[in-house]
Amino acid sequence: MFSNISEGIKNRYQMLTKRRPKAECNTTSAAMAIIYTGHMLQPPDDVLPEDFLMDILDSDEGRAYLQSIVPGATYNPWNDSNCIAWAVNKAIGKEICKVTKVTIEEMIEHVWVKGNAIAVGGGFLSGGTSGHFVCIVGVKLDTQGNVTHIVIDDPYGNYNKGYVNHFDGNDIPIEINTFVKLTFGSAKRKTVQVYTREI
């Protein structure tokens, strides 16, 4: 069982990125998920992993890929989980990221039992169920072994403290009902990026 797959690994922060600091929660969460599952991302010298992924997404090829899966899309590739997975797999050179819909129980199994990382969008900043990507890294249990909290690494800071500091988003426990409200809302399944552990 993996109570926290990022234990002992330094969190990454979107405000340190060079391309779009206020909009790179997606690629920063992806970079964390890649690292936490034991994969190697090798960007060019002096380019952060997050920015390397953003460069792939913000390329002509990235925009063409978005149009191939969502013809007529007017949003950016870095706001689409399928495009992020495509960029990650392209950068790594093999498929390590898949986009799928999961229940909260399946999400917990991916992280806790299998040691996978999950990048998921939620209303951590906006209120609804989307708008900000975080990386799910573990769970907290009560004395009976029931999951009470989902543990996230948040590239923008600490949700529980209102994001006052944008550099304290490591191992943030979110009470499970709050987490479900912020990510699933009333839906039973949520689209996520699953990053498989390197064996």
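Look up a bit, the structure's there.
Residues numbered from 1 in each chain as written. Predicted model: local features only at pLDDT ≥ 70, side-chain atom pairs only at ≥ 80, totals over all residues. Heavy atoms only, no water.

A. The layout of surface pockets, seen in detail. Looking at the largest pocket, its volume works out to about 290 Å³. Elements represented by at least two residues in the lining of the largest pocket include exactly α1 (25-36), β2 (117-122), β3 (132-141) and β6 (190-195). (1 Å grid on protein atoms, 1.4 Å probe; cavity = no way out; pocket = protein on both sides within 12 Å on 5 of 7 lines; lining within 4 Å. Points joined across faces, edges and corners; volume = space filled by probe spheres on them. Helix = DSSP H or I, 4+ residues; strand = E, 2+ residues; numbered from the N terminus.)

B. Quick peek at the nonpolar core. Judged by nonpolar contacts, the single largest core of 32 residues is most densely connected at I34, I84, V88, I96, C135 and Y195. Elements with a contribution of two residues or more to this core: α1, α2 (49-57), α4 (81-92), β2 and β3. If you tally residues by element for this core, the top one is α4, at seven residues. Contacts of I96, omitting those with residues within four sequence positions, involve I34, H39, V88, N89, V194, Y195 and T196. In this structure, V102, V111, V192 and V194 belong to the second largest nonpolar core, which totals 24 residues. (Core = buried A, V, L, I, M, F, W, Y, C linked by side-chain atoms within 4.5 Å. Buried < 20%, exposed > 50% of the residue type's maximum accessible area, 1.4 Å probe, protein only. Contact = heavy atoms within 4.5 Å.)

C. Layout of α2. By the criterion of burial, α2 is predominantly enclosed, with eight of the nine residues buried. Within α2, burial applies to P49, E50, D51, F52, L53, M54, I56 and L57. Those residues of α2 that are buried lie in contact with α1, α3 (60-69) and α4.

D. Spotlight on the sheet that holds strand β1 (residues 97-102). Overall, antiparallel pairing links the six strands, which are arranged β1-β6-β2-β3-β4-β5 in an open sheet. Each of the sheet's edge strands pairs with one partner strand only, and the pair in question is β1 and β5 (172-175). Each neighbouring strand pair of the sheet contributes to a mean axis angle of 40°, computed without reference to strand direction. Pairing between strand β4 (residues 147-153) and β5: four bridges, direction antiparallel. Paired with H149 across the bridge in β5 is E175. Taken strand by strand, α1 contacts β2, β3, β4 and β6, and its axis lies near 40° from that of β3. The strands touched by helix α5 (residues 104-113) are β1, β2, β3, β4 and β6; relative to β3, the strand with the most contacts, the crossing angle is about 75°. (Pairing = 2+ DSSP bridges. Axes fitted to C-alpha atoms, helices over the stretch in contact; angles between N-to-C directions.)

E. Examining the pattern of salt bridges more closely. Per the stated rule, a full pass over the model turns up eight salt bridges. Between K90 and E61 there is a salt bridge, with its nearest N and O atoms 3.3 Å apart. With K90 in helix α4 and E61 in helix α3, the pair connects residues that are 29 residues apart, well separated along the chain. E61 sits in the partly exposed class, given a relative accessible area of 43%. E106 is the partner of R189 in a salt bridge, and the nearest nitrogen-oxygen pair spans 2.9 Å. (Salt bridge = Lys/Arg side-chain N within 4 Å of Asp/Glu carboxyl O.)

F. Main features of the side chain of N26. Take N26: it is sitting in helix α1. At 2.6 Å, the side chain of N26 forms a polar contact with the backbone oxygen of W78. Once residues lying within four places of it in the same chain are set aside, the contact partners of N26 are M54, W78, N79, I84 and F133. (Polar contact = N/O pair within 3.5 Å; in protein donor to acceptor, adjacent residues only side chain to side chain.)

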